[in-house]
Structure formats: C-alpha cells, structure tokens
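A structural walkthrough
These are the residues of each chain, in order.
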Amino acid sequence: MPTPTMEDYIEQIYSLISTKGYARVTDLAEALLVHPSTVTKMIQKLDKENFVHYEKYRGFILTDKGKKVGKRLVDRHDLLEEFLEIIGVDEELIYDDVEGIEHHLSWNAIDRITDLVEYFKEDEQRILDLKKIQARNESANKDETK
Ligand SMILES: [Mn+2]
C-alpha cells in the first residue's frame, strides 16, 4: 500500500498524464508545491515499488500497477468532490477539504459514500429535502449569533 504522500504523487502523475499526456518532475513540483529534488527522490522510491518506471534522462511513466492505483485515487478524489458538492459544502472549500480527507478514509467508507452519492443522484427530491434541512439549520445558526 502506498503512503499518503506516495498517493498524492501517484494521483498527480495520473491526472497530469491524462490531461497533458506526460508528467515531468517540474510539473509535479509545481502541482505539489515541493522542490524538484524532493520530487526526484519520491520518483525513485515509486520506481523501487514499481508504481513508475524511471529513466534518468528521459523522465518517467506509470507502470500498469501505477496506472491502476492512479485511476483508483483519481476516482476517489472525484467521488469525494461530488459528495461534498451534493451535501452543500461551499464550492471554494471543496478541493482543499478533499485533499485533507482523501487519504484518511478506509475503502469501506469510500464504498459507502459511493452508495450515498448514488442515493442522492437517483432522486432530485432527496437533494431538495436535504437543502430544506440545511436552510433550517443555517437560519437557526444565524439566530444564535444575533
Ligand atoms: Mn486529491
């Protein structure tokens, strides 16, 4: 199992490759806000564990194992964004919230959140009902701070 930090790298490499067609050390350093030498060290580690294939002067690619894990991590990220959006979290908070929680949930919890997202998407009325509760709680909160 990859560590949370390794997961961040694999996830980022996977999305860079699917949007740009390739992932370079500089792209990763920029995306993850770390120094390029830190990226290189992690890439070597990921290579050792067979998630990426690293060639010193030519950069790196995801192995089949890396692709499989990468897809799973990107899907998990997307699911959690969708989940927070459905339950009404402010849009500008969603990305950072997902980055904060995604590595700390079990795959069991992810599966159950998948069910819940499906539950809400199956019937618009369920989302409207939730919004009613939210409106009620929000106005109660406002009254408290008056
Ligand atoms: Mn993420």
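Heads up: the structure comes first, above all this text.
Below is a summary of the structure that appears in this document.

What about helix α6 (residues 107-122)?
The end-to-end C-alpha separation of α6 is 22 Å, in line with the 22 Å expected for 16 residues at 1.5 Å each. All buried positions along α6 are accounted for by Ile110, Ile113, Val117 and Phe120. End-on, the buried residues of α6 take up no more than an arc of 80°, which puts them together on one face.

Considerations on the environment of phenylalanine 120
Checked against the element boundaries, phenylalanine 120 lands in helix α6. Measuring from C-alpha to C-alpha, the distance between phenylalanine 120 and tyrosine 9 comes to 31 Å, with 111 residues separating the pair along the chain. With residues near it in sequence (within four places) discarded, phenylalanine 120 still touches Ile86, Arg126, Ile127 and Leu130.

Observations concerning the environment of lysine 56
Residue position: lysine 56 is located in the loop between β1 (52-55) and β2 (59-62). On the basis of relative accessibility, which here comes to 63%, the residue lysine 56 falls in the exposed class. Once the C-alpha coordinates of lysine 56 and glutamine 44 are considered, the two residues, twelve residues apart in sequence, prove to be 9.6 Å apart.

So, the side chain of glutamate 7
Relative to the assigned elements, glutamate 7 resides in helix α1 (residues 4-20). There is a polar contact of 2.7 Å between the side chain of glutamate 7 and the side chain of histidine 103. Ignoring sequence-local partners within four residues, the contact set of glutamate 7 consists of Pro2, Leu73, Arg76 and His103.

Things to note about the coordination of the manganese ion
Protein-derived coordination of the manganese ion comes from Glu11 (OE), His77 (ND1), Glu99 (OE), Glu102 (OE) and Glu102 (OE), at a distance range of 2.1 to 2.7 Å. We note that the donor set of the manganese ion lies within a single chain, spaced as E-x65-H-x21-E-x2-E. Here glutamate 11 is found in helix α1, whereas its partner histidine 77 is found in helix α4 (residues 64-86), with 66 residues between them in sequence. Taken as a pair, glutamate 11 and histidine 77 share a single burial class, namely buried.

Points about the pattern of salt bridges
Scanning all chains against the criterion turns up nine salt bridges. The shortest N-O distance in the salt bridge between glutamate 7 and arginine 76 comes to 2.8 Å. One end of the pair, glutamate 7, is in helix α1; the other, arginine 76, is in helix α4, with 69 residues separating them in the sequence. On the basis of relative accessibility, which here comes to 3%, the residue arginine 76 falls in the buried class. Aspartate 27 is paired through a salt bridge with arginine 24; the nearest N and O atoms lie 3.2 Å apart. Residue classification places aspartate 27 among the buried positions, given a relative accessible area of 10%.

Considerations on the pairing of β1
By the bridge criterion, four bridges tie β1 to β2 in an arrangement that is antiparallel. Of the residues in β2, the one forming a bridge with valine 52 is leucine 62. Once β1 ends, the chain turns through three residues before running back antiparallel as β2.

Considering the nonpolar core
Of all hydrophobic cores here, the largest spans 18 residues; its most connected members are Tyr9, Ile13, Leu28, Ile43 and Leu46. When residues of this core are traced back to their parent elements, those giving at least two are α1, α2 (25-32), α3 (36-48) and β2. Here the element with the most residues in this core is α1; it accounts for five residues. Ignoring sequence-local partners within four residues, the contact set of tyrosine 9 consists of Leu28, Leu32, Val34, Thr38, Val39, Met42 and Leu46. Counting residues in hydrophobic clusters, the runner-up holds twelve residues, among them Leu80, Phe83, Val98 and Ile127.

Rules behind the numbers
Residues numbered from 1 in each chain as written. Predicted model: local features only at pLDDT ≥ 70, side-chain atom pairs only at ≥ 80, totals over all residues. Heavy atoms only, no water. Helix = DSSP H or I, 4+ residues; strand = E, 2+ residues; numbered from the N terminus. Expected span 1.5 Å × (residues − 1). Buried < 20%, exposed > 50% of the residue type's maximum accessible area, 1.4 Å probe, protein only. Arc of directions from axis to C-beta. Contact = heavy atoms within 4.5 Å. Polar contact = N/O pair within 3.5 Å; in protein donor to acceptor, adjacent residues only side chain to side chain. Donors = N, O, S within 2.8 Å, 3.2 Å for Na, K, Ca; no water. Salt bridge = Lys/Arg side-chain N within 4 Å of Asp/Glu carboxyl O. Pairing = 2+ DSSP bridges. Core = buried A, V, L, I, M, F, W, Y, C linked by side-chain atoms within 4.5 Å.

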